Every structure is written in C-alpha cells, then in structure tokens.
Amino acid sequence: MSSLKDRLRADLTTAMKARDELRSSTLRMVLAAVTNAEVAGKTAKTLTDDEVIGVLTSETKKRREAAAAFADGGRAESAEREKAEAEVIAEYLPEQLSDAEVADIVSAAIESTGAGAEGMKAMGKVMGVVQPQVRGRADGGAVAAEVRRQLGA
C-alpha cells in the first residue's frame, strides 16, 4: 500500500478525534476518490504514490473550479468551503512549481526535442516531455499555456 494513502488515513483518524469537520470530510472525499480510482477498470489495483498524487491533483482542480463557479454564482460561503477543501488537499501534494520554473522546464523540453522550428505542430511532443516532470507540481492548463506561448502560438 502507498505511504501517502496510509498518511491520508492516519490524518483522517486524527481529524476525526480532533472533531475537525472540514479536514475529516475532505479527507473522506479524497480517500473515496482514491478507492474509486483503485477499482476503476477491469481489475482492482493498489495505487502507487504517484497515482495517488494524480488523484489529489484532479480533486484539487475540481475544488478550484467549483469555487470559481460558486463565486460567479454569488454563493461566497460555498466558494470559501471549496477553497478551504483545496487547501487541505494541497498539503498532501508536492511543492508547486513557480511560473519561472515551469518556463525553464518548457524551454529545456523544446530545446531537447528540437521543436522550436516546428511551431504548434510540436506541442504534443513537448507536452509529452514536460508532463512527467511537472505532474502534481503544476497545473496542466498553465503548463499548456506556457508551451503555446514559447512555441509562438
């Protein structure tokens, strides 16, 4: 079993004992998402830490999008709850990369693939190199936007 999943379970128990409603409900949702990912597909499997980080990243993204939707809809209280849940989940993710670090990784990938001359046709090739380096540490949309910017689109 992955150590990150064990840590999530242990922290859930601690949050329940401390009667921390926000943290315990958020960790329950995250663990449910991890379990769903484990049983998805034809055969059940135990997720590695990297796969758990992928689930956590998508859960964080869902919270950010929901917070934005609630804020646009004039439901500030619900938006704040979603933001708070995203902050709890973010504690379990690796340190996030700055915009400058993402830009450096993208330029190195463009250089290594020789994609600079190909323009936007090479976006998939560059993203294939960049994605494994930034997984869980940067928002995919922001990375794609940086690749587009550097490829000149």
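Residues numbered from 1 in each chain as written. Predicted model: local features only at pLDDT ≥ 70, side-chain atom pairs only at ≥ 80, totals over all residues. Heavy atoms only, no water.

What about the overall build of the protein chain?
When its secondary structure is counted, the protein chain shows seven helices and zero strands. Each principal axis of the C-alpha distribution contributes one length, and for the protein chain these read about 60 × 40 × 30 Å. Each of the 153 residues in the protein chain was classed as buried or not, and the buried ones make up 36%. Considering only contacts in the protein chain between residues 6 or more positions apart, those separated by 24 or more positions represent 60%. If you sum the accessible surface of the protein chain, you get close to 8900 Å²; carbon and sulfur atoms cover 52% of it. Across the protein chain, the 22 positively charged side chains and the 25 negatively charged ones have centroids separated by 5 Å. (Helix = DSSP H or I, 4+ residues; strand = E, 2+ residues; numbered from the N terminus. Buried < 20%, exposed > 50% of the residue type's maximum accessible area, 1.4 Å probe, protein only. Contact = heavy atoms within 4.5 Å. Areas by Shrake-Rupley, 256 points an atom, 1.4 Å probe, with all protein chains shown as cover. Lys, Arg positive; Asp, Glu negative; His and termini not counted. Charge placed at Lys NZ, Arg CZ, Asp CG, Glu CD.)

Considerations on the pattern of salt bridges
Overall, the coordinates contain 13 salt bridges when judged by the stated rule. Where E59 meets K62, a salt bridge forms, and the shortest distance between an N and an O atom there is 3.1 Å. Of this pair, E59 and K62 both sit in helix α3 (residues 49-72), three residues apart, which is roughly one turn of the helix. Between K83 and E80 there is a salt bridge, with the nearest N and O atoms lying 3.8 Å from each other. Taken together, the residues span about one helical turn, with K83 and E80 both in helix α4 (residues 76-90) at a distance of three residues. (Salt bridge = Lys/Arg side-chain N within 4 Å of Asp/Glu carboxyl O.)

Concerning the side chain of E85
Inspection of the secondary structure puts E85 in helix α4. Of the residues examined, E85 reaches a relative accessible area of 4% and is grouped as buried. Discounting residues that sit within four places of it in the chain, E85 has contacts with L22, T26, M29 and R63.

Digging into the domain arrangement of the protein chain
One can read the domain layout of the protein chain as domain 1 (3-91) and domain 2 (99-152). Distance from the C-alpha centre of domain 1 to the C-alpha centre of domain 2: 28 Å. (Domains from an automatic or database assignment.)

Focus: the environment of E101
Position of E101 among the secondary structure elements: in helix α5 (residues 99-113). Classification of E101 as partly exposed rests on a relative accessible area of 38%. Along the backbone, E101 and G74 are 27 residues apart, and their C-alpha atoms lie at a distance of 35 Å.

Thoughts on the layout of surface pockets
Of the pockets and cavities examined, the largest pocket occupies roughly 390 Å³. Every element with two or more residues in the lining of the largest pocket is listed here: α3, α4, α6 (123-134) and α7 (140-151). Counting residues per element, the lining of the largest pocket draws most heavily on α3, which supplies six residues. Residues of the lining of the largest pocket, tallied by class, amount to six nonpolar, nine polar and four charged. For the lining of the largest pocket, the two domains that each supply at least three residues are domain 1 (3-91) and domain 2 (99-152). (1 Å grid on protein atoms, 1.4 Å probe; cavity = no way out; pocket = protein on both sides within 12 Å on 5 of 7 lines; lining within 4 Å. Points joined across faces, edges and corners; volume = space filled by probe spheres on them. Nonpolar A, V, L, I, M, F, W, Y, C, P; charged D, E, K, R; others polar.)

Let's talk about helix α1 (residues 3-17)
Across its 15 residues, α1 extends 21 Å between first and last C-alpha, which sits within 8% of the 21 Å expected from 1.5 Å per residue. Inspection of α1 places L4, K5, L8, L12 and A15 among the buried residues, and these make up the whole buried set. Seen from one end, α1 has its buried residues packed into an arc of 100 degrees, which puts them on one side. Away from its buried face by more than 90 degrees, α1 exposes T14 and K17. Where the residues of α1 are buried, they touch α2 (21-39) and α3. Positioned one or two residues after α1, R19 has a phi angle of 55 degrees, which is positive. (Expected span 1.5 Å × (residues − 1). Arc of directions from axis to C-beta.)

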